[in-house]
Amino acid sequence: QVQLVESGGGLVQAGGSLRLSCAASGSIIGIGAMGWYRQAPGKQRELVGVITSGGNTNYADSVKGRFTVSRDNAKNTVYLQMNNLKPEETTVYYCNAWVVSRISLRADNYWGRGTQVTVSS
């Protein structure tokens, strides 16, 4: 069993910063790409940023230059540093990871339960 648990969400003023964390736990052999998505009510879940096991990153155009995805492989944790946040970025942020577990012995895709980010104007 593999779990992804996010933390770090909350309320921040427009222009402020937040740092989200997501820790993977369970019977893990290895982790591939890890990333962050967000989903506003009534909209599709969209990619925010992703980082490969080798450290290569990719971002949505809307967050380039403001958000940074990083990871600590020793801790099985991925981070999302969000700077200069905008009110329209208020939504739930989800962690995602491709994880090889001792149970399945293959890469399966996992999601966290999400963490709320609220940006006040």
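Each remark here, short or long, concerns the structure printed above.
Residues numbered from 1 in each chain as written. Predicted model: local features only at pLDDT ≥ 70, side-chain atom pairs only at ≥ 80, totals over all residues. Heavy atoms only, no water.

Visitor: How do you make sense of the packing of aromatic side chains when you look at a structure like this?
Guide: In this description, an aromatic ring pair is defined by two values, namely the gap between the centres and the angle between the planes. Applying the stated criterion to the full structure yields one aromatic pair. Over the ring of Tyr79 we find Arg19; its NZ or CZ atom is 4.0 Å from the centre of that ring. Its guanidinium or amino end placed over the ring of Tyr94, Arg45 lies 3.7 Å from that ring's centre, counting from NZ or CZ. (Phe/Tyr/Trp six-rings, centres within 6.5 Å; stacked < 30°, edge-to-face > 60°. Lys NZ or Arg CZ within 6 Å of the ring centre and 35° of its normal.)

Visitor: Just checking my understanding: could you explain unusual backbone geometry for this structure?
Guide: Note on backbone geometry: most residues besides glycine have negative phi, and most peptide bonds are trans. Positive phi, close to 50°, is recorded for Asn76, a residue that is not glycine. Phi is positive for Leu105, which is not a glycine, with a value near 60°. Along the chain, the position of Leu105 falls in the loop between β9 (91-101) and β10 (107-111). Leu105 gets classed as exposed once you look at its relative accessible area, which sits at 62%. (Helix = DSSP H or I, 4+ residues; strand = E, 2+ residues; numbered from the N terminus. Buried < 20%, exposed > 50% of the residue type's maximum accessible area, 1.4 Å probe, protein only.)

Visitor: Hey, could you run me through the environment of Leu20 in this one?
Guide: Secondary-structure assignment places Leu20 in strand β3 (residues 18-26). Accessibility expressed as a relative area gives 0% for Leu20, which makes it buried. The contacts of Leu20, once residues within four sequence positions are left out, are Ser7, Gly8, Gly9, Trp36, Val78, Tyr79, Leu80, Met82, Tyr93, Thr115 and Val117. (Contact = heavy atoms within 4.5 Å.)

Visitor: Looking at this model, I keep getting lost on the sheet that holds β3. Mind explaining?
Guide: Each strand in a sheet pairs with its neighbour through backbone hydrogen bonds, running either in the same direction (parallel) or in the opposite one (antiparallel). A sheet is described by the order of its strands in space; here four strands give the open sequence β1-β3-β8-β7, paired in antiparallel fashion. Because the sheet does not close on itself, it has two edges, and the strands there are β1 (2-7) and β7 (67-72). Pairs of neighbouring strands in the sheet enclose a mean axial angle of 15°, with direction left out of account. (Pairing = 2+ DSSP bridges. Axes fitted to C-alpha atoms, helices over the stretch in contact; angles between N-to-C directions.)

Visitor: How should I be thinking about the pairing of β7 in this particular structure?
Guide: Both faces of the sheet carry side chains from a regular strand, because those side chains alternate between them. Covered by surrounding structure in β7 are Phe67, Val69 and Arg71 only, the residues Thr68, Ser70 and Asp72 on the alternate face being uncovered. Counting the residues between successive antiparallel strands, the hairpin from β7 to strand β8 (residues 77-82) contains four residues, one of them, Asn76, with a positive phi of roughly 50°.

Visitor: Just to check I follow, could you spell out the state of the cysteines for this structure?
Guide: Defined simply, a disulfide is a covalent bond joining two cysteines at their sulfur atoms. If you walk through the whole model with that rule in mind, you get one disulfide. Here Cys22 pairs with Cys95 through a disulfide, and the sulfurs are 2.1 Å apart. Between Cys22 and Cys95 the sulfur-sulfur dihedral comes to about -80°; the bridge is accordingly left-handed. Of this pair, Cys22 sits in strand β3 while Cys95 sits in strand β9; the two residues are 73 residues apart in sequence, bridging distant segments of the chain. A single burial state applies to Cys22 and to Cys95, both of which are buried. (Disulfide = S-S within 2.5 Å.)

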